[in-house]
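Structure assessment
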Amino acid sequence: MTNRIISQSAIWIFLGTVFIVWFGCGDSEDPSVDKPTVTEEASTDDSSVDKPPTVADAPTDNTNVNTPPVVADAPTDNVRVDNPRTIVEAPTDNANVDTPPAVADVPTNNTNVDTPPAVEDSPVDDAGIDPPPVEKDTPADDVIVEVVVGSLQGQVAQIEDAHIHVHVLQNGAAVASAQANLDGSYQIDDIKPGTYIVQITAEDYKVVERTVQVRAGEVSVLDNIVLEALAPPPTHIRGLVLDQQTNAPLDGIRVQLIDEAGGVREALTKQTGGFEFENVPADQGFVLIIDIEKYEKQEVTVDPISAGEIAKLQVVLDPIHIDALPIGDGLHVGVTAPAFELPDQDGKRRALTDYAGQKVVLAFDRGRW
Amino acid sequence: MQKSYKAIAAEGAELLFITSDQLAADFRTDFPKLLDPETTVIDAYNATDPLNHKIARPLYYIVDENGIIRWKFLDVRLRGRLDPAKLVEALKGL
């Protein structure tokens, strides 16, 4: 048993010596070599890391150390890596840098037995030198990622009643398009470098255009875009007021337009009998009222009008036929009381206008007859 | 009508009695009696008695503050008179 242990120890010492010699005359002066190797070894215990297993096996077989074309520590060239997908994250946990299970039987007083990993973990001559952390994360091989496209992202002030579309135009043709998110943000990837017109559109809003430079591997930002609403197309009500008997246009007639909220607009007819209400609200109904003396009151329901449309009305007024009433049947209610002036019992002249602003009861009577 | 005059006045209205009969002016009343012997105003208000164009038939109007006729009464009987209570009621309703 003791011999076996000794022989095993001898083998390990031999291997360790070879290992030390190898590193002593090889890359040991380069601190960056050792650290990543340890890192690679650690990765063998972490199955979640996408690493070539060949590198991870390094401690048990030194031949692997000098062979890998994929030495994780190759920090020599500055590969510009903008694409996160090419970065290999290697765990830095060194706790698992232990000897193989067989080595566990080695007497504890022989610390050199553990040299293969120990040397890698902290080479004596490199102690205290921390390799740049970025080198740990460099890819295992010399991947040169050539970024040939850029991105555009931006923010448009939120609007609630329309979708926002973003078009990337070059020479008048759209090379990319996207619909902005509900909050007005958008991002368009994979745009070739160049100068573009970015066109932002939304229904019922003015088109906004901006010139944007897209560079490879960069994100061009186009923020603070505020869309301006287009003025709603005007909505009008126009009409003509005619006398029912003569068919003549009626001039100077007061026309009232009542909206759904009870708001009143007024217009007077022109010599042509025409009247108009400009820029009335769309999509709501109205009642048009003409209530003037000598004509029967007219109420016309105006159906809701679509934006940009003109409602055309013709209102025919029916004259109040004062003379049509039989003699003695009086006047129509609603007409203006005819003006008069008569003497009273004392000879004092009294006119109807004397009582303006006050109700007056007129009592016609036969007298003593 | 004389009895109802206070009630009419209480509604803020004035009562003008209009007739072509000169002698009617002799009746003692609190309200003014206007004389229209030529029936000019009687005709203008179409209150002419169809059977006697020289006199008015009983006919009643309420003219509002703006001079517009808002109410009128004529009895189905040509010479029937108005119950003054109805007039006061009409004034209250205007």
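Residues numbered from 1 in each chain as written. Chains lettered and ligands numbered in written order. Predicted model: local features only at pLDDT ≥ 70, side-chain atom pairs only at ≥ 80, totals over all residues. Heavy atoms only, no water.

This part is about the overall build of chain B. For chain B, the count of helices and strands is 3 helices and 6 strands. If you list the helices and strands of chain B from N to C, you get α-β-β-α-β-β-β-β-α. Among the 94 residues that make up chain B, the fraction classed as buried is 54%. Summing over all exposed atoms, chain B offers an accessible surface of approximately 4600 Å²; the carbon and sulfur share of this is 51%. (Helix = DSSP H or I, 4+ residues; strand = E, 2+ residues; numbered from the N terminus. Buried < 20%, exposed > 50% of the residue type's maximum accessible area, 1.4 Å probe, protein only. Areas by Shrake-Rupley, 256 points an atom, 1.4 Å probe, with all protein chains shown as cover.)

Once that is clear, we can look at the sheet that holds strand β5 (residues 59-63) of chain B. In a beta sheet, neighbouring strands are held together by backbone hydrogen bonds and run either parallel or antiparallel to one another. Spatial ordering of the open sheet is given by β2(B)-β1(B)-β17(A)-β5(B)-β6(B), a layout of 5 strands whose pairing is mixed. Looking at strand neighbours, the two that pair on one side only are β2 (33-35) and β6 (69-73) of chain B, the edges of this open sheet. Along the sheet, successive strands turn relative to each other by an average axial angle of 20 degrees, direction set aside. Note that β5 of chain B and β6 of chain B share 4 bridges and pair antiparallel. Looking across to β6 of chain B, one finds that Tyr 60 of chain B is bridged to Phe 73 of chain B. (Pairing = 2+ DSSP bridges. Axes fitted to C-alpha atoms, helices over the stretch in contact; angles between N-to-C directions.)

The tally for this structure, following the rule as stated, stands at 9 aromatic pairs over all chains. Note on Phe 17 of chain B and Phe 31 of chain B: the rings are 6.0 Å apart at their centroids and 40 degrees apart in plane angle, and the pair reads as tilted. Taken together, the residues span a long stretch of sequence, with Phe 17 of chain B in strand β1 (residues 13-19) and Phe 31 of chain B in the loop between β1 and β2 at a distance of 14 residues. Residue Phe 17 of chain B is classed as buried on the basis of its relative accessible area, which comes to 14%. Feature note: the residues Phe 340 and Phe 364 of chain A together with Tyr 45 and Tyr 61 of chain B constitute an aromatic cluster, connected by ring pairs. (Phe/Tyr/Trp six-rings, centres within 6.5 Å; stacked < 30°, edge-to-face > 60°.)

A complete count under the given rule lists 16 salt bridges over all chains for this structure. One salt bridge in this structure joins Asp 365 of chain A and Arg 81 of chain B, with 2.6 Å as the shortest N-O distance. With one member in each of two chains, Asp 365 of chain A in strand β17 (residues 359-365) and Arg 81 of chain B in the loop between β6 and α3 (84-93) form a pair that bridges those chains. Within this structure, Arg 238, Lys 270, Glu 276 and Glu 278 of chain A form a network of salt bridges that share partners. (Salt bridge = Lys/Arg side-chain N within 4 Å of Asp/Glu carboxyl O.)

Do not read the predicted coordinates in detail wherever pLDDT is low. Scored by pLDDT, chain A comes out at a mean of 73, with 60% of its residues at no less than 70. Ignoring residues within four places in sequence, the model shows residues 25-129 of chain A, a span with pLDDT below 50, making 126 contacts including any to other chains. (pLDDT = per-residue confidence, 0-100. Contact = heavy atoms within 4.5 Å.)

Listed by partner, the interface residues are 52 residues for chain B and 36 residues for chain A. In total, chain B and chain A occlude about 4400 Å² of area from one another, counting both sides; carbon and sulfur atoms represent 60% of this. Per-residue buried area on chain B facing chain A is highest for Tyr 45, Asn 46 and Glu 65 of chain B; these three make up 14% of the total on that side. Across the chain B-chain A interface, the total number found is 3 salt bridges. The tally of links between chain B and chain A comes to 30 residue pairs in polar contact (both at pLDDT 80 or more). For the side of chain B that touches chain A, the secondary structure elements donating two or more residues are β1, β2, α2 (40-44), β4 (52-56), β5, β6 and α3 of chain B. Looking at the side of chain B that touches chain A, the element that brings in the most residues is β1 of chain B, giving 7 residues. Both β17 of chain A and β5 of chain B contribute to a ladder of 5 bridges, which runs antiparallel. Across the sheet, residue Leu 362 of chain A finds its bridge partner in β5 of chain B, namely Tyr 61 of chain B. (Buried area = accessible area lost by both parts, 1.4 Å probe. Polar contact = N/O pair within 3.5 Å; in protein donor to acceptor, adjacent residues only side chain to side chain.)

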